[in-house]
Amino acid sequence: MKLDSRHKTGVSLQGNIAVIELNNIFQFFDYATISGELRVVADHNNASFFFQKGILIFGALSKNQKRIGDLLLESGLINAAQLTQCLKIHNQHGMRRRLGDIIVRKGFLKFETLAEVLKLQAREAFFESLSWKRGMFFFSSCVTLVFFGVIGWYGSTLAWEERLQQASAVNISMGVIY
């Protein structure tokens, strides 16, 4: 496991996922209605999840997760030329501008459609991380969340999958400032 500087300062809660499973951590955040970032560091992958008042609003894996451009291309929502054009802009800005935002601003996709794809990407990260049995988690409540809208699927209870399936209103995507 490789830890970065964020795991040394500003951590409100941390632990071993072999002792406290991630599903229990997600449930705790839901019940406690906490906001911030949960980083999970495992030998084979890392994940970041962002919560607003206990609601899981974004999640991503550092490895083996399809990128948003690939998901949009594979689903036929954008074509290769549109993706190439937006990636060029994305790279010109030092990758500070989110690719999805560029695609929407160019008019290639509606925000609501992008939000649905982001929800699928976050769901993939969530379910993948639930299978992890070894690693560490670090929760920082001091992360400043900047909202551009929210992926409207809700925090945890024992019925995670059911709640994810019921979540139909997607009205936030999110960025983070450190």
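Up top you'll find the structure we're talking about.
Here goes a summary of the coordinates provided.

Here we come to the overall build of the protein chain. Secondary structure summary: the protein chain contains 6 helices and 7 strands in total. For the protein chain, the α and β elements follow one another from N to C terminus as β-α-β-β-β-α-α-α-α-β-β-α-β. In the protein chain, which comprises 178 residues, the proportion classed as buried is 44%. Of the contacts formed within the protein chain by residues at least 6 apart in sequence, a portion of 66% connects residues at least 24 apart. Within the structure as shown, the protein chain displays about 9,500 Å² of accessible surface, and the carbon and sulfur contribution to it stands at 54%.

Time to look at the packing of helix α1 (residues 22-32) against helix α5 (residues 111-130). For the pair α1 and α5, the least separation of the axes is 8 Å and the interaxial angle reads 130°. When the axis of α1 is compared with that of α5, the two are oblique. Taking contact as the criterion, the partners of L22, N23 and F26 in α1 are, on α5, F126, S129 and L130. Class assignment of the residues belonging to the contact of α1 with α5 gives a composition of 4 nonpolar, 2 polar and no charged.

With that out of the way, let us pick up the pattern of salt bridges. Side chains that carry opposite charge are capable of pairing whenever their charged atoms lie near each other. Under the defined criterion, the tally for this structure stands at 5 salt bridges. Between R134 and D43 there is a salt bridge whose closest N-O contact spans 2.9 Å. In this pair, R134 is assigned in the loop between α5 and β5 (136-140) and D43 in the loop between β2 (36-41) and β3 (46-52), connecting sequence segments 91 residues apart. The exposure class of R134 is exposed, given its relative accessible area of 59%. Residue classification places D43 among the partly exposed residues on the basis of a relative accessible area of 48%. Of the charged contacts, one joins R67 and D70 as a salt bridge, the two residues approaching to 3.5 Å between their closest N and O atoms.

The strand order across the open sheet built from 5 strands is β1-β5-β2-β3-β4, with neighbouring strands paired in antiparallel fashion. Two strands lie at the open edges of the sheet, namely β1 (13-16) and β4 (55-61), each paired on one side alone. Within the sheet, the average angular offset between the axes of one strand and its neighbour, ignoring direction, is 15°. In the sheet, β3 pairs with β4 via 6 bridges, with the strands oriented antiparallel. Residue F50 lies in a different strand from β4, and its bridge partner there is F58. Where α1 meets the sheet, it contacts β1, β2, β3 and β5, and its direction lies at approximately 175° from that of β2.

Cut-offs used in this document
Residues numbered from 1 in each chain as written. Predicted model: local features only at pLDDT ≥ 70, side-chain atom pairs only at ≥ 80, totals over all residues. Heavy atoms only, no water. Helix = DSSP H or I, 4+ residues; strand = E, 2+ residues; numbered from the N terminus. Buried < 20%, exposed > 50% of the residue type's maximum accessible area, 1.4 Å probe, protein only. Contact = heavy atoms within 4.5 Å. Areas by Shrake-Rupley, 256 points an atom, 1.4 Å probe, with all protein chains shown as cover. Axes fitted to C-alpha atoms, helices over the stretch in contact; angles between N-to-C directions. Parallel < 35°, antiparallel > 145°, perpendicular 65-115°, else oblique. Nonpolar A, V, L, I, M, F, W, Y, C, P; charged D, E, K, R; others polar. Salt bridge = Lys/Arg side-chain N within 4 Å of Asp/Glu carboxyl O. Pairing = 2+ DSSP bridges.

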